[in-house]
Protein chains: 4
Amino acid sequence: MYFTSDNASGAHPDILAALTRANDGFARSYGADAIMERVTAQVRDIFEHPEAAVYLVATGTVANSLSLAVYSQPWSAVFAHTEAHIATDECGAPEFYTDGAKLIGVPGADGKMTPGALAEALGRIGESGVHGVQRGMVSITNVTEAGTVYTTAEIAALTAVAKSKALPCHLDGARFANALVATGATAAEMTWKAGIDVVSFGGTKNGCLGVEAVVMFDPAKAWEFELRRKRAGHLVSKHRFLSAQFEAYLTDDLWLQLATQANAMGARLAQGVAVAGARHQYPAQANMMFPEWTLGTHARLEAAGAAYYQMPAAPGMEAARLVTSWNTTEAEVDQFLAALRG
Amino acid sequence: MYFTSDNASGAHPDILAALTRANDGFARSYGADAIMERVTAQVRDIFEHPEAAVYLVATGTVANSLSLAVYSQPWSAVFAHTEAHIATDECGAPEFYTDGAKLIGVPGADGKMTPGALAEALGRIGESGVHGVQRGMVSITNVTEAGTVYTTAEIAALTAVAKSKALPCHLDGARFANALVATGATAAEMTWKAGIDVVSFGGTKNGCLGVEAVVMFDPAKAWEFELRRKRAGHLVSKHRFLSAQFEAYLTDDLWLQLATQANAMGARLAQGVAVAGARHQYPAQANMMFPEWTLGTHARLEAAGAAYYQMPAAPGMEAARLVTSWNTTEAEVDQFLAALRG
Amino acid sequence: MYFTSDNASGAHPDILAALTRANDGFARSYGADAIMERVTAQVRDIFEHPEAAVYLVATGTVANSLSLAVYSQPWSAVFAHTEAHIATDECGAPEFYTDGAKLIGVPGADGKMTPGALAEALGRIGESGVHGVQRGMVSITNVTEAGTVYTTAEIAALTAVAKSKALPCHLDGARFANALVATGATAAEMTWKAGIDVVSFGGTKNGCLGVEAVVMFDPAKAWEFELRRKRAGHLVSKHRFLSAQFEAYLTDDLWLQLATQANAMGARLAQGVAVAGARHQYPAQANMMFPEWTLGTHARLEAAGAAYYQMPAAPGMEAARLVTSWNTTEAEVDQFLAALRG
Amino acid sequence: MYFTSDNASGAHPDILAALTRANDGFARSYGADAIMERVTAQVRDIFEHPEAAVYLVATGTVANSLSLAVYSQPWSAVFAHTEAHIATDECGAPEFYTDGAKLIGVPGADGKMTPGALAEALGRIGESGVHGVQRGMVSITNVTEAGTVYTTAEIAALTAVAKSKALPCHLDGARFANALVATGATAAEMTWKAGIDVVSFGGTKNGCLGVEAVVMFDPAKAWEFELRRKRAGHLVSKHRFLSAQFEAYLTDDLWLQLATQANAMGARLAQGVAVAGARHQYPAQANMMFPEWTLGTHARLEAAGAAYYQMPAAPGMEAARLVTSWNTTEAEVDQFLAALRG
């Protein structure tokens, strides 16, 4: 009953097996391996964008940070939800990579920015000439940090606000597959067709060992990305082992199957939790949820062997952060729900 | 006949197998996995230093850059050989990580700094008060970029010069195992017993998929390292897969066996090349060498299927950079030498 | 009727005259001039702190930014009021100088942080281990950006909260003299005796041409400050011209006299404005105020020759930012009030 | 007999007087003062370039550093003479401002790069793809750090090499007026007509209190410069006092008159020193020279009251760095020469 994070799960066997296949013989290093050529083609195909620039890195932190660094300036304001991962959980990595850009929190219920709140923030920043930071870009997380999901229409509404100020838009897709599965949208619909310029396309949380793609729809940005990646120590030498993971991940829709399982288990868990009487802090729309319980309930669950993070909530209550993974089983969910019911 | 680089070779089967073993079940993320605890113990044991701080990252570039960032300041001069990898081949990663420290090239034959040249450089820099950069630290590469090897006495002589100005010393050990095998020294003898404060202890080039350890002998530096690593996007979430590689690498002296093979093949290749009449640019002391041939010879080798990098040399000649790996075979070396003899 | 800013006024004649005196003959450059020795002694005397490190720079932006850079780390959270000048009006200079520290806004009425709000922010940040930025320091502006003034007790209450987490505290004293005059406190009482570690002690707005002192009560920070200042291009060569300004500024309490005049004119203006029926957005406690008027009133004032900045307020209203200076006269204030009354 | 540096001299009376004139009344701050408009027109007129972007800052360090930051990238190589001020005497300010660009030393006799050496350096750097820093820009100092002067033809020959790789070129003109006087060239001839893109146009060393202009011939760079200047804390609030200095400096060719005097005194001193038997390390072509004397001679000069810097030279000898200023007199030079003759 391990619900701490989808990064606490291991890798899917097909992805592990791909490493062994890739291990055979010599391969050109630093991204010039043949597998990466195939990955690029796969990604372009999935995104229906034949010119997209595609790069692999080992962590979501750097996928996001490099995306921001390439699409903004040191004096930029980067607009993101107040609780965005890039703002709260990366120890200032965006500031490090951008040489000091400023993250501007945009509020919104359920972890989602609203167009109005974004417009208000854009109106407030960037109007003081040289004395203030300049409007730089917008970053949207989907699945959000609250476990909710933006529809493509909602994303398009946000990017429309951004585009009114000519700002590029980033999608933090650490759980991109889960967002697609939850909405039924295609990769193209959720990204460039909705006004997104650059995507952090996650693999790690969804069954890979450690690989994220960065997809940029303007290939003119490619070289700067490559230089920044190298300079950051994120150009891995035996790159075939990143490529192989992602190739396997994308092959035969494995990535979507894994997210489908994680989301299905999320739904089963969320429903069971609700039936048991708990309040969800936010609508549970993918594979992460935040139900509130008394400390006694938490103690009982812990005693039963459940593992998850707790965070402060209403008086006398604490919220649980429960995350299901590609390898979460119905049995595990049901065992948890049984423990919850006591 | 693939001699382009040791990072063009794959991973040792035992190390791959360790990934599969590590994949079982859930594990705490971000370095809190149980395997990492064992790795720390292994490294401390190997270095005979029970308090060493031990961290894993995915690339040598970042192992070096974080080491420099933790042990220097933005206004520091970092002294290294003129041809040091950190100075020439990392696209300014050290400058990025240190927020602008200045690399000062120290000349020396065969890729090795001499104590005299280091002392001269230390005397020249840091004497202009606030107007000049300040002496910061010294970085030594072993195996060197020229394929030569510092003895522990040579390292100690350099660190003695550094210590006379109270400067910390870094060892870029991308090929640390090869250096140990070449000299017969222990890990402790080549590092802290010789005055080294922080080591980039390479795994990738020597049979891992992608993992390097940073070993710091002053545990007071640990927390700053952790923050800088996170901020750089180099704290991987499914860290068990870094840990597992390094555990297997260190188990039963696998790391030393692999380096022994690479060095033995290097010696066989170097000797054969010399017997065939080529001049080595530098003494070939580990698994990398730079023989010079005419363009005609290069063409013949290429036609025979040999792969390696070429670089300008004496008029009419070009040097080959030949690197043997943990999985280079005698047959492969002999086939190359046969092609060389024509 | 020029109330746009105290930096739109010129320099006091005594300070200009000091430049001419200082111009005689040769002088050691880069801060080694004899006048600077006297300035250091003056500042130490005024602050009753014989060991304070004292430096001069040309702008408040850099006085603040270097103070933050010396007392924090790239991964630090710097806590300041939501509307603090360092957060809103310096185009990211603090982020640039600190290599990416994060400013955390602390709310509070009338431009003043409350101990409770600061404690809340300190409790929220720095509790997520390596994943979040670390608590770094606190910056307090006095006179505040709202034209209000912290008492020394209020400052001490804030620094007590900071000290509970061992955080250093910075005072942005761009209008330090005005704050002292407004409260009757001594320089020592408002700074180190109240828990402040480093002060930006303004001269420019209060009658100098362009000079600010940075006063650090821990002399161990001095050398780092000097290196950062040089590296920033803020160590001026003909430093005697900074020194001379500050010497004249401090001589015979000129700095306090000038602030007394500015504050007196501020009080006269504020009272007149209130009598005329305007609402002050914040209590006018020094030389800056924000009364609200209809657009018609603004038009009338403008037609009468008044100059000041306007900013949005309640519907149908705009606030005026009115700043009095060391050289504002009663006649000018009364002329403005007459124009206001129409 | 003060020959330590031209920045040890004071300001010309006309420039001081301009401060007093500028002090009258209120003025718009942050560079929007009326005097600055006139300065811009003056500079454009002098450079015969009606579109040049013109900005004032307080130090040469920042004039250079901002010029480099605007015209390069963090991953750039900046090519400059091995002994260039930006490389040796600014405590890493260029690295700080560029976020880690790398200065590549280009050797050359008498403080001057040769086209061949520059071409060689350009050929060596930037050929290793993403692994190395990229060719960024070239910086040329005139008057050089050795006291020699590039002719406009020599500058054009260097910029031609740079342009062959499409690199922008910076002129560090801390002693720009002295270089023009020494060569008889016009400002336009020495800069944009010779392939220079951005100039640090010095005022401080040549009779100002502290002001340097940055002149960029591509006005599209203006806004980035403004943002970087603000962010650096180098946008001064009472900007009229920078403007007034530079206006007076340029009025009635004062700047050229002052440099003419400094150079004439330099020539007189250099000739007298040579007649007295000293060897000049470099040809003395403007207002700075490096004659070598025995320690005994140095002691005699010091005893006679001469002030200057000494630096190591041939065995038993030390070089003097002698700098004449706009206010150096014949009497002072002759007194020095008399002391030299003993």
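This structure is a prediction, so every number in the text was calculated from the model and none was measured.

## Quick look at the relation of the copies chain D and chain C
Note on the identical chains: chain D maps onto chain C by a rotation of 180° and an axial translation of 0.0 Å, with an RMSD of 0.0 Å. Taken together, the rotation and translation describe the operation of a two-fold axis. For chain D, the residue whose C-alpha comes nearest the rotation axis is Ala232 of chain D, separated from it by 3.6 Å. With an isologous cut-off of 70% or more, the 100% of interface residues of chain D that recur at the interface of chain C puts this contact in the isologous class.

## Digging into the domain arrangement of chain A
All names here are of chain A. On domain assignment, one finds that chain A holds domain 1 (14–252) and domain 2 (255–341). With 23 residues of domain 1 at the contact, the number on the domain 2 side is 19 residues. Interface area for domain 1 against domain 2, summed over the two sides, is near 1700 Å², with a carbon-plus-sulfur share of 59%. Together, Arg175, Asn178 and Val181 form the three largest contributors to the area buried by domain 1 at its contact with domain 2, with a combined 26%. Viewed at the interface, domain 2 and domain 1 are joined by zero salt bridges. One can count seven residue pairs in polar contact (both at pLDDT 80 or more) joining domain 1 with domain 2. Elements supplying a minimum of two residues to the side of domain 1 that touches domain 2: α8 (176–183) and α11 (240–250).

## Considering the packing of helix α2 (residues 34–46) of chain D against helix α11 (residues 240–250) of chain D
A packed helix pair is summarised by two numbers, namely the angle formed by the two axes and the spacing between the axes. Residues and elements named next belong to chain D. Running from N to C, α2 and α11 cross one another at 35°; their axes reach a closest spacing of 9 Å. Considering how the two elements wind past one another, α2 and α11 form a crossing that is left-handed. Counted together, Ile35, Met36, Arg38, Val39, Gln42, Val43 and Ile46 of α2 and Arg240, Ser243, Ala244, Phe246, Glu247 and Leu250 of α11 form the full contact between these two elements. Along the lines of polarity and charge, the residues of the contact of α2 with α11 split into eight nonpolar, two polar and three charged.

## Comments concerning helix α1 (residues 13–22) of chain D
Among the residues of α1 of chain D, those classed as buried are Ile15, Leu16, Ala18, Leu19 and Ala22 of chain D. Buried residues in α1 of chain D, looked at end-on, bunch into an arc of 150°, giving them a common side. Each element contacted by the buried residues of α1 of chain D is listed here: α1 (13–22) of chain C together with α2, α11 and α12 (254–275) of chain D.

## Details of the relation of the copies chain B and chain A
Of the transformation placing chain B onto chain A, the axial shift is 0.0 Å and the rotation is 180°, giving an RMSD of 0.0 Å. The fraction of interface residues of chain B whose copies in chain A are also interface residues reaches 100%, indicating that both copies meet through the same surface.

## Quick word on the pairing of strand β5 (residues 169–173) of chain C
Residues and elements named next belong to chain C. Buried residues dominate β5, accounting for five of its five residues. Across the two faces of β5 the burial is the same, with Cys169, Leu171 and Gly173 and His170 and Asp172 all buried. Taken together, the four bridges between strand β4 (residues 134–141) and β5 define a ladder with parallel strand orientation. By the bridge assignment, Ser139 is partnered in β5 with His170. This β-α-β element, β4 to helix α7 (residues 152–164) to β5, shows right-handed connectivity. Taken together, the four bridges between β5 and strand β6 (residues 198–202) define a ladder with parallel strand orientation.

## Topic: the interface of chain B and chain A
In many reports, interface size means the accessible area that the parts give up when they come together. Taken together, the 47 residues of chain B in the interface contact 48 residues of chain A. Applying the counting criterion to the chain B and chain A interface returns zero salt bridges. There are 33 residue pairs in polar contact (both at pLDDT 80 or more) connecting chain B and chain A. Residue assignment for the side of chain B that touches chain A shows that the elements contributing at least two residues are α1 (13–22), α3 (60–71), α5 (93–98), α10 (222–231) and α11 (240–250) of chain B. By residue class, the composition of the side of chain B that touches chain A is 21 nonpolar, 17 polar and nine charged.

## A word on the UniProt feature "domain: Aromatic amino acid beta-eliminating lyase/threonine aldolase" (unreviewed entry) in chain A
Here, UniProt's "domain: Aromatic amino acid beta-eliminating lyase/threonine aldolase" (unreviewed entry) annotation points to residues 3–289 of chain A. Taken end to end, residues 3–289 of chain A is 43% helix and 15% strand, and its first and last C-alpha atoms sit 10 Å apart.

## A short note on α10 of chain B
Residue and element names in this part refer to chain B. For α10, the tally of buried residues reaches seven of 10 residues, placing the bulk of the element in the interior. Along α10, the residues classified as buried are Ala222, Phe225, Leu227, Arg228, Arg229, Lys230 and Arg231. At the exit of α10 stands Gly233, carrying a positive phi of roughly 75°.

## Structural notes on the sheet that holds strand β1 (residues 53–57) of chain D
Residue and element names in this part refer to chain D. Pairing in this open sheet of seven strands is mixed, and the strands run β1-β7-β6-β5-β4-β2-β3 from one edge to the other. Only two strands of the sheet have a single neighbouring strand rather than two, namely β1 and β3 (102–106). Recorded for the sheet is a direction-independent mean angle of 20° between the axes of neighbouring strands. As judged from the five bridges shared by strand β6 (residues 198–202) and strand β7 (residues 212–216), these two strands associate in the antiparallel manner. Bridging from a neighbouring strand, Gly202 pairs with Glu212 of β7. Packing of helix α10 (residues 222–231) onto the sheet brings it into contact with β1 and β7, and relative to β1 it is tilted by some 10°.

## Remarks on the interface of chain D and chain C
The interface is formed by 47 residues belonging to chain D together with 47 residues belonging to chain C. Sorting the residues of chain D by area buried against chain C places Phe26, Arg231 and Lys238 of chain D first, and these three jointly supply 21% of that buried surface. Summed over the shared surface of chain D and chain C, the number is zero salt bridges. Applying the counting criterion to the chain D and chain C interface returns 33 residue pairs in polar contact (both at pLDDT 80 or more). Looking at side-chain class alone, the side of chain D that touches chain C contains 21 nonpolar, 17 polar and nine charged residues.

## Looking at the confidence of the model for chain A
Confidence in the prediction for chain A averages 97 pLDDT; 100% of positions are at 70 or higher. For this predicted complex, the interface confidence reaches an ipTM of 0.97, while the overall pTM sits at 0.97.

## Observations regarding the sheet that holds strand β3 (residues 102–106) of chain B
All names here are of chain B. Taken in spatial order, the seven strands make up an open sheet running β1-β7-β6-β5-β4-β2-β3, and their pairing is mixed. Across the chains shown, the open sheet's two edge strands, defined by having one partner strand only, are β1 (53–57) and β3. Direction aside, the axes of adjacent strands within the sheet are offset by 20° on average. Where strand β2 (residues 76–81) lies against β3, five bridges are found, and the strand directions are parallel. Bridge pairing in β3 places Ala80 opposite Gly105. Strand contacts of helix α6 (residues 115–124): β2, β3 and β4 (134–141), with the helix running at about 140° to β3, the strand carrying the most contacts.

## Some details on the packing of aromatic side chains
Residue and element names in this part refer to chain A. For the coordinates displayed, the defined rule picks out 74 aromatic pairs over all chains. Chaining the aromatic ring pairs together yields one cluster made of Phe47, Phe176, Phe201, Phe217, Phe246, Tyr249 and Trp255. One residue, Lys221, lies across the ring of Tyr71, its end atom 5.0 Å from the ring centre.

## Regarding the pairing of β6 of chain D
Within β6 of chain D, five of the five residues are buried, which leaves the element mostly enclosed by the surrounding structure. Here β6 of chain D shows a buried face lined by Val198, Ser200 and Gly202 of chain D and a second buried face lined by Val199 and Phe201 of chain D.

## Side note on the nonpolar core
Counting residues in hydrophobic clusters, the biggest one holds 137 residues, and the most contacted among them are Phe79, Phe201 and Phe246 of chain A together with Phe47, Phe79, Phe201 and Phe246 of chain B. Excluding residues within four positions of it along the chain, Phe201 of chain A makes contact with Phe47, Gly173, Phe176, Glu212, Ala213, Val215, Phe246, Tyr249, Leu250 and Trp255 of chain A. Of all hydrophobic cores here, the second largest spans 136 residues; its members include Ala11, Phe176, Val211 and Ala213 of chain C.

## A few points about unusual backbone geometry
Of the consecutive residues Asn142 of chain A and Val143 of chain A, the connecting peptide bond is found in the cis state with omega at -10°. Its place among the elements puts Val143 of chain A in the loop between β4 (134–141) and α7 (152–164). At Tyr30 of chain D, a residue that is not glycine, the phi angle is positive and equals roughly 60°. By the element assignment, Tyr30 of chain D lies in the loop between α1 and α2. With a relative accessible area of 26%, Tyr30 of chain D lands in the partly exposed category. At Glu48 of chain D, a position not held by glycine, the phi torsion is positive, near 50°. In this structure, Glu48 of chain D sits in the loop between α2 and β1.

What counts, and where the lines are drawn
Going along each chain's sequence as written, the residues are numbered from 1 onward. Chains and ligands are labelled sequentially in the order written, the chains with letters from A and the ligands with numbers from 1. Only residues with pLDDT of at least 70 get local features here, since the model is predicted, and only at 80 or more are side-chain atom pairs given and counted; chain-wide, interface and lining totals rely on the full set of residues. Only heavy atoms go into the side-chain values, all of them from the structure, while hydrogens and water stay out. The copies are overlaid by a least-squares fit using only the C-alpha atoms of residues whose pLDDT is at least 70 in both copies. Here, two residues are considered to be in contact whenever any of their heavy atoms come within 4.5 Å of each other. Note that the domain bounds reflect an automated or database-derived domain assignment. Buried area: the accessible surface (1.4 Å probe) lost by two parts on joining, summed over both. Salt bridge criterion: a side-chain nitrogen from Lys or Arg within 4 Å of a carboxyl oxygen from Asp or Glu. Polar contacts, as counted here, are pairs of nitrogen or oxygen atoms within 3.5 Å of one another; within protein the pair requires one atom able to donate a hydrogen and one able to accept it, and residues that are adjacent in sequence qualify only if both atoms are side-chain atoms. The helix count covers DSSP runs of H or I at least four residues long, the strand count covers runs of E at least two residues long, and both are numbered beginning at the N terminus. Axes here refer to lines fitted to C-alpha atoms; in helices the fit is confined to the stretch in contact. Angles between the N-to-C directions go from 0 to 180 degrees. For any pair of crossing helices, the crossing counts as left-handed if the nearer helix is rotated counterclockwise from the farther one by less than a right angle, and right-handed if it is rotated clockwise. Residues were grouped as follows: Ala, Val, Leu, Ile, Met, Phe, Trp, Tyr, Cys and Pro as nonpolar; Asp, Glu, Lys and Arg as charged; and all remaining residues, including Gly, as polar. The rule is simple: take the accessible area with a 1.4 Å probe, protein chains only, and divide by the maximum for that residue type; under 20% is buried, over 50% is exposed, in between is partly exposed. Arc definition: it is the arc formed by the directions from the helix axis to the C-beta atoms. In this description, strands pair whenever DSSP reports at least two bridges between them. The handedness of a crossover follows from its direction of travel: if, with the strands pointing away from the viewer, the path from the first strand over the helix to the second runs clockwise, the crossover is right-handed. UniProt positions are given in the numbering used here, feature names are shortened, and annotations may be inferred rather than shown by experiment. Known as pLDDT, the predictor's confidence for each residue is given on a scale from 0 to 100. Two rings belonging to Phe, Tyr or Trp (six-membered ring only in the last case) form a pair when the distance between their centres is within 6.5 Å. Interplanar angles under 30 degrees mark stacking, angles over 60 mark edge-to-face geometry, and anything in between is tilted. The rule for a charge over a ring is simple: NZ of Lys or CZ of Arg within 6 Å of the ring centre, and within 35 degrees of the ring normal. To form a nonpolar core, buried Ala, Val, Leu, Ile, Met, Phe, Trp, Tyr and Cys residues must be joined to one another through side-chain atoms within 4.5 Å.

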